[in-house]
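Survey of secondary and tertiary structure
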Amino acid sequence: MSYTHGPLPQWDAVGGYGSGTFEAGDPHGAVWRLWLVERPADSDPLPPGYRLAPRDNLTNPTFVTREHGLYYAMDAAGMRIAADAVRADPEGAARQLGLDGE
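What counts and what doesn't
- Residues numbered from 1 in each chain as written.
- Predicted model: local features only at pLDDT ≥ 70, side-chain atom pairs only at ≥ 80, totals over all residues.
- Heavy atoms only, no water.
- Helix = DSSP H or I, 4+ residues; strand = E, 2+ residues; numbered from the N terminus.
- Rg over C-alpha atoms; globule rule 2.2 N^0.38 Å.
- Buried < 20%, exposed > 50% of the residue type's maximum accessible area, 1.4 Å probe, protein only.
- Contact = heavy atoms within 4.5 Å.
- Areas by Shrake-Rupley, 256 points an atom, 1.4 Å probe, with all protein chains shown as cover.
- Lys, Arg positive; Asp, Glu negative; His and termini not counted.
- Charge placed at Lys NZ, Arg CZ, Asp CG, Glu CD.
- Core = buried A, V, L, I, M, F, W, Y, C linked by side-chain atoms within 4.5 Å.
- Pairing = 2+ DSSP bridges.
- Axes fitted to C-alpha atoms, helices over the stretch in contact; angles between N-to-C directions.
- Expected span 1.5 Å × (residues − 1).
- Polar contact = N/O pair within 3.5 Å; in protein donor to acceptor, adjacent residues only side chain to side chain.

In terms of regular secondary structure, the protein is built from 3 helices and 5 strands. Starting at the N terminus and ending at the C terminus, the protein contains elements arranged as β-β-β-β-β-α-α-α. Here the C-alpha radius of gyration of the protein, 14 Å, is about what a compact globule of 102 residues would show, namely 13 Å. Oriented by its inertia axes, the alpha-carbon framework of the protein measures out at about 45 × 25 × 25 Å. Scored against the burial criterion, the 102 residues of the protein give a buried share of 32%. Put simply, of all contacts in the protein between residues at least 6 apart along the chain, 33% involve residues at least 24 apart. Of the roughly 6,300 Å² that the protein leaves accessible, carbon and sulfur atoms contribute 51%. Computed over 8 positive and 14 negative side-chain charges, the separation of the two mean positions in the protein equals 6 Å.

Quick look at the structure:
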């Protein structure tokens with residue numbers, strides 16, 4: 001897991017790209033998992049969409065919408081887990097997201 005051209009993490013597929021599960025490291029060395037839940041269990045309070053949680057504690061994930069697709073979900077999750085780094089380098093984050101006009 002690496003950072004290239006800005007503060008947002010690079011996501012790696014877990015179990016191949018068809019799995020719907022991805023991992024990325026944050027600037028402090030923690031590994032985060034992003035996974036798709038199409039049909040939540042009755043005990044799951046979150047709606048269908050992506051879940052984001054530290055890999056070593058998947059029991060209390062946060063919701064990430066799937067409304068705009070996988071890459072949007074990865075960008076949104078990356079901004080959450082690297083929030084301090086994004087605030088420190090907003091131009092780098094904009095460049096990574098393709099929002100710099102280039």
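This next bit is on the nonpolar core. Most often, soluble globular proteins keep nonpolar side chains buried together rather than apart. With 13 residues, the main nonpolar core has W11, L34, L52, V64, A77 and I81 as its most contacted residues. Elements with a minimum of two residues in this core: β2 (21-25), β3 (31-37), β4 (49-54) and α1 (70-81). The biggest single contributor to this core is α1, with 5 residues. Look past the residues within four positions of W11 in its chain and what remains in contact with it is F22, E23, A24, W32, L34, L52, M74, A77, G78 and I81.

A separate point is the sheet that holds strand β1 (residues 12-13). Spatially, 5 strands are ordered β1-β2-β3-β4-β5 in an open sheet, and the strand pairing comes out antiparallel. Looking at which strands have only one partner, the edges of the open sheet turn out to be β1 and β5 (62-64). The pairing of β1 with β2 spans 2 bridges and is classified as antiparallel. Its bridge partner being in β2, D12 is matched across the sheet by E23. Against the sheet, α1 engages β2, β3, β4 and β5, with an angle of about 140 degrees to β5.

This next bit is on α1. With 12 residues, α1 should reach 16 Å at 1.5 Å per residue; the first-to-last C-alpha distance of 16 Å fits that figure. Among the residues of α1, those classed as buried are A73, M74, A76, A77, G78 and I81. On its buried face, α1 sits against β2, β3, β4, β5 and α2 (83-88).

Here the focus is the side chain of E23. Along the polypeptide, E23 turns up in strand β2. When its relative accessible area of 6% is taken as the criterion, E23 is described as buried. Polar contacts involving the side chain of E23 include one to the side chain of R55, which spans 2.9 Å.

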